[in-house]
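The chain contents come next:
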Amino acid sequence: MIKKDKDGKIDIIGMNLEEMVTTFVDLGLKKFNATQVFDWIHNKMIFNFDEFSNISKKDREFLKEHFYIAQLTFKTHQISDDKDTEKFLFELSDHRLIESVLISHKNRHTLCVSSQIGCLIGCDFCATATMTYERNLSASEILLQFYYVQKYLSERGEKLGNVVYMGMGEPFLNYDSVIESINILNSPKGQNFSKRNFTVSTSGIVTGIEKFTENESQVNLAISLHSVRDDRRTEIMPINKRWGVQELKKALINYQKKTKNRITFEYILIDDFNCEYSDAFELADYLRSFSCLVNLIPYNPVKGKIYKTPSKSKQREFYKLLKDKNINVTLRETKGQDIAAACGQLKAKKEMENGTEN
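None of the values given here were measured: they were computed from a predicted structure.

S.K.: Requested: an account of the environment of G304, with residues and values cited.
M.R.: With respect to the helices and strands, the residue G304 is situated in the loop between β13 (292-298) and α10 (312-324). Taking the C-alpha atoms as reference points, G304 and F212, 92 residues apart in sequence, are found 35 Å from one another.

S.K.: Requested: an account of helix α8 (residues 245-259), with residues and values cited.
M.R.: One turn of an α-helix holds 3.6 residues; hence residues three or four places apart share an orientation. With 15 residues, α8 extends 21 Å from end C-alpha to end C-alpha; this agrees with the ideal 21 Å at 1.5 Å per step. Burial in α8 covers these residues: V245, L248, K249, A251, L252, Y255, Q256 and T259. Looking straight down α8, one finds its buried side chains confined to an arc of 165°; they lie on one side. Away from its buried face by more than 90 degrees, α8 exposes K250 and K257. Contacts made by the buried residues of α8 are with α6 (206-215), β11 (220-224), α7 (230-236), β12 (263-269) and α9 (277-287). Downstream of α8 by one or two residues, K260 has phi in the positive range, about 65°.

S.K.: Please provide a residue-by-residue account of the sheet that holds strand β10 (residues 198-202), values included.
M.R.: The strands making up a sheet associate through hydrogen bonds between their backbones, and the pairing can be parallel or antiparallel. Spatially, 10 strands are ordered β3-β4-β5-β6-β9-β10-β11-β12-β13-β14 in an open sheet, and the strand pairing comes out mixed. Two strands in the sheet have a free side with no partner beyond their single neighbour: β3 (72-79) and β14 (329-331). Each neighbouring strand pair of the sheet contributes to a mean axis angle of 20°, computed without reference to strand direction. The sheet contact formed by β3 and strand β4 (residues 85-92) spans seven bridges and is antiparallel. Counterpart to I79 in the pairing with β4 is E86. Across the sheet, helix α5 (residues 175-186) is in contact with β9 (162-165) and β10; its angle to β10 comes to roughly 175°.

Quick notes on the rules
- Residues numbered from 1 in each chain as written.
- Predicted model: local features only at pLDDT ≥ 70, side-chain atom pairs only at ≥ 80, totals over all residues.
- Heavy atoms only, no water.
- Helix = DSSP H or I, 4+ residues; strand = E, 2+ residues; numbered from the N terminus.
- Expected span 1.5 Å × (residues − 1).
- Buried < 20%, exposed > 50% of the residue type's maximum accessible area, 1.4 Å probe, protein only.
- Arc of directions from axis to C-beta.
- Contact = heavy atoms within 4.5 Å.
- Pairing = 2+ DSSP bridges.
- Axes fitted to C-alpha atoms, helices over the stretch in contact; angles between N-to-C directions.

Structure below.
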């Protein structure tokens, strides 16, 4: 997906190899030049034309005239007390801010990337929803989150193992850029990152799920569910007014029938709202149609929100009720809450530039 700036220069990071070859040849460069440049950017992770040492100076100058390299500027880095969660604040070329989160467990590293600045979905429990939605991220801006953190890990001899599109924004409202970023990272000439190690999370955009069903049989799918009662789900997730839980279920049954992939359901436990006995029984009944994993996530407090986290005993009881119904379920341990990097807490703002957050 070729993107140009106001001067007509092409965003070179956001081009897949086929697009790069075609464009280079059309401009009078050689096909092998495209392979060289793609390697510098997506394998070596070098983002300066002057450092492409196996390309002639004349051709490097030509590249500068016709292409630009998208910018992602590192601003701050926070590490949780348990050292398992790290949050990165980045500034884009238009001075807008985004956050990415690195989650580590037994030398296994997962990067949670953002796909939008703000979010249009408006889930009432989520900090990102309190931001003003500004725009979609380009494929290159998504990729640069990966490349920055990958280079950061490589300094200590480690690598990313998984990428989850669960940061700021609704990925299926930026479908093309999200899928393009996955395809570029999957390229054998680049990171060669397996599609099985990607997960895209959606609030339930049925049209996006249908498109995903047709086009992406290897990438994992996660659903932010949080209730299977239409009235309750609509209360915290306005998207449910457009696609209710039964319409969502129908799309997911079709997805699983075609792809044979296990679906992950994310279920935030909110005290006195969605984690009573009746909620567990209704959830178990809804999930009988699926091969799935349920991630129970204790609510992470967001400033200005009235919701509360259930007690540990209530969390465990809800977990046990599902387990007794033969549901494949995990009760997630809260990570990164002390640096506002836990699920539902991402909200890029200027205060973070000083390493503080209010």
